[in-house]
Amino acid sequence: MAGRRAKIHAVGTYVPERIVTNDDLSLNLDTSDEWISTRTGIRERRIASDAEAASDLGAGAARRALKAAAVSPDQLDLIITASLSPDMLFPATASLISGLIGAGAAAAFDLSAACTGFIYALAVGESFIVSGRAEKVLVIGADAVSKMIDWSDRGTAVLFGDAAGAVLLGPAAEGEEGIIGFDLGNDPAGAGELSLPAGGSRLPASEETVAGGQHFLRMNGPEVFRFATRIVAASSRRVVEQHGLRMEDIDIFIPHQANIRIIDAAARKLRIAPEKVFSNIERYGNTSCASIPLCLDEAERQGRLKRGDLVLMTGFGAGLSWGSCIVRWQ
Ligand code: UT7
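Residues numbered from 1 in each chain as written. Predicted model: local features only at pLDDT ≥ 70, side-chain atom pairs only at ≥ 80, totals over all residues. Heavy atoms only, no water.

1. Observations concerning the sheet that holds strand 8 (residues 179-186)
Strand order in the open sheet formed by 4 strands is 8-13-12-11, with mixed pairing between adjacent strands. For this open sheet the edge positions go to strand 8 and strand 11 (252-255), each flanked by a neighbour on one side alone. Strand-to-strand, the axes of this sheet are offset by a mean angle of 10°, without reference to chain direction. Bridge analysis of strand 8 against strand 13 (residues 321-328) gives 7 bridges, and the strand direction is antiparallel. (Pairing = 2+ DSSP bridges. Helix = DSSP H or I, 4+ residues; strand = E, 2+ residues; numbered from the N terminus. Axes fitted to C-alpha atoms, helices over the stretch in contact; angles between N-to-C directions.)

Rendered as C-alpha cells:
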C-alpha cells in the first residue's frame, strides 16, 4: 500500500423540504430580517420535520453520493458520521444510516467534533484508505441542529439550519493527488463557549436540567466569533504552507458556513479573491457538519468546482476545534 492516496469519488447532499425565512422567525422572536441578514448573511434555512432526525438526512445524502459513484451500499467497508445532533447518544447514527441504506456489515461509527466534524471525519476516512484498511468509505456530515435549539434564544435560533452531505472516499488512481493533507487542532480552554450542557454523564437528564433549559445548544456568540476569525485564517495558512503550496494556488475556498462576516474576514486576511470564496449560507444558515459538503456539491453543480481544481476547506466549532483540508478535485 506504499504511496497509496485517497480521493473523493462522489458527493451527495440532502436538505429537508421546509424553508423558514428570517421573516418567519421574526413572528415569534424579537429579531428582524435586517438584523439577521446583515449580522450573519443568512436569509433562510431548512428545518427538518418532526419525523426527521439526523439519520434520515444522512441517509438521503448517502444514497445520492452512492448513486453518483455507481456504488451499491453493500460494497461499503466503513461509514463515518459526523454530527452534533445524533439521533441518540448510542447506537451511532452511522449505524442507523447503515440500516436505512442497506449497507450490510460495513463498520459504522460516529465522530464527535462539533461543526469541525466533517473535516475530522474526512481525515479519519482518508487514513483508512491510505493504510489499505478500507477500499470504500462513506463520510457523512448530518445535522438536525434545529432539534437542539431554544427557539426563544435569538442569539442561536436564527443561525442554524438542517442538512446532510456525504462523500464517498476510495483510492486515488496512479498519479492522482486526491486528498493532499490536513491541519487539525483543538483548544480545550474554549470548551465552555459552545456546548449542549445536559443529557450526558456530567449532567444527566433531570427535572432541573429540563426546567433550566440545559438540553439546548448554548453559545457565547462574540467569543466564538473572535476564535473563528482568527483560526480559519491561521489553520488555512498552515495547511497550505505545510504542503509546499501558496494561497494563490487555491482555486476555491470553502469555509464552514457559520457567519458571512467570519468568511469575509478570513478571506481578507488570507488575501483570497472574493470570486474564489464559496458560500451558500444565505439559503441554508449554519448546517454544522453538513455545511462543507453542501458547498462542495453546489459548487460542482454550478461549475465553480472543476476537475483539477485545488480546494481548501476549513471548519471550526465547539471544542473549540478546527480543521483544514486541501484536495485536488479529480
Ligand atoms: O458553527 C458554530 C460556530 N458558531 C459561530 O461561529 C457563531 C459565531 N458568532 C456569531 O456569528 C455572532 O457572534 C452572532 C451572529 C451569534 C451574534 O452577532 P454579534 O454581532 O456578535 O452580536 P452580539 O452577540 O454582540 O449582540 C449584539 C446585539 C445585542 O444587543 P445589545 O446588547 O447591543 O442591545 C444582542 O442582544 O444584537 C442583539 N442580538 C440580536 N438582535 C436581533 C443578538 N441576536 C439578535 C437577533 N436579532 N437574532
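Resuming the write-up.
2. Considerations on a positive patch on the surface
On the surface, Arg230, Arg237, Lys269 and Arg271 cluster together to form a positively charged patch. Turning to its location among the elements, Arg230 is positioned in helix 8 (residues 221-242). What makes Arg230 partly exposed here is its relative accessible area of 46%. (Patch = residues over 30% accessible without salt bridge, like charges linked within 9 Å, V, L, I, M, F, W, Y side chains within 5 Å. Areas by Shrake-Rupley, 256 points an atom, 1.4 Å probe, with all protein chains shown as cover. Salt bridge = Lys/Arg side-chain N within 4 Å of Asp/Glu carboxyl O. Lys, Arg positive; Asp, Glu negative; His and termini not counted. Charge placed at Lys NZ, Arg CZ, Asp CG, Glu CD. Buried < 20%, exposed > 50% of the residue type's maximum accessible area, 1.4 Å probe, protein only.)

3. As for the site of the ligand
Surveying the vicinity of the ligand reveals 23 residues, the closest of which are Thr31, Arg39, Arg154, Asn259 and Asn286. Between a nitrogen atom of the ligand and a main-chain N or O atom of Gly221, the distance comes to 3.0 Å. For the ligand, the protein covers 71% of the area, taking 950 Å² as the surface of the free molecule. Most atoms of the ligand, that is more than half of them, are within 2 Å of grid points of the largest pocket. (Near = heavy atom within 4 Å. Polar contact = N/O pair within 3.5 Å; in protein donor to acceptor, adjacent residues only side chain to side chain. 1 Å grid on protein atoms, 1.4 Å probe; cavity = no way out; pocket = protein on both sides within 12 Å on 5 of 7 lines; lining within 4 Å. Sits in = over half its atoms within 2 Å of the grid points.)

4. A word on the environment of Leu25
As for its position among the elements, Leu25 is in helix 1 (residues 22-26). Note on Leu25: relative accessible area 9%, which makes it buried. Remark: the alpha-carbon pair of Leu25 and Arg154, spanning 129 residues in sequence, is separated by 9.2 Å. Ignoring any residue separated from it by four or fewer positions in sequence, one finds Leu25 in contact with Val20, Thr31, Arg45, Trp151, Ala157 and Val158. (Contact = heavy atoms within 4.5 Å.)

5. Things to note about the pairing of strand 13
Summarising burial for strand 13: 7 of the 8 residues are buried, a large majority. Bridge count between strand 12 (residues 310-317) and strand 13: 8 bridges; the pairing is antiparallel. Within strand 13, the position partnered with Gly317 by the bridge is Ser321. Adjacent in sequence and paired antiparallel, strand 12 and strand 13 are bridged by 3 residues, among which Gly319 carries a positive phi angle near 145°.

6. Section: the pattern of salt bridges
Inspection of the entire model under this criterion finds 15 salt bridges. Linking Glu176 and Lys7 is a salt bridge whose minimum nitrogen-to-oxygen distance equals 3.1 Å. Of this pair, Glu176 sits in the loop between strand 7 (163-171) and strand 8 while Lys7 sits in strand 1 (residues 6-14), placing them 169 residues apart in sequence. Lys7 sits in the buried class, given a relative accessible area of 11%.

7. Comments concerning the layout of surface pockets
One number sums up the size of the largest pocket: a volume of about 1,300 Å³. Together, 49 residues line the largest pocket, and Leu84, Leu194, Ser195, Leu196 and Leu217 are the ones closest to its centre. Only helix 2 (33-40), strand 5 (107-111), helix 6 (154-157), strand 9 (194-195), helix 8, helix 9 (260-270) and strand 12 provide two or more residues apiece to the lining of the largest pocket. With 4 residues, helix 8 is the single largest residue contributor to the lining of the largest pocket. Among the residues forming the lining of the largest pocket, the class breakdown is 27 nonpolar, 16 polar and 6 charged. Residues from two domains meet in the lining of the largest pocket; each of domain 1 (6-171) and domain 2 (179-328) gives at least three. (Points joined across faces, edges and corners; volume = space filled by probe spheres on them. Nonpolar A, V, L, I, M, F, W, Y, C, P; charged D, E, K, R; others polar. Domains from an automatic or database assignment.)

8. With respect to the domain arrangement of the chain
Annotation of the chain at the domain level lists domain 1 (6-171) and domain 2 (179-328). Listed per partner, the contact involves 50 residues of domain 1 and 43 residues of domain 2. For the pairing of domain 1 and domain 2, the buried interface totals around 3,700 Å² over both sides, and the portion due to carbon and sulfur atoms is 65%. By the criterion of area lost to domain 2, the three top residues of domain 1 are Cys115, Ile119 and Tyr120, representing 16% of everything that side buries. At the junction of domain 1 with domain 2, the criterion picks out 3 salt bridges. (Buried area = accessible area lost by both parts, 1.4 Å probe.)

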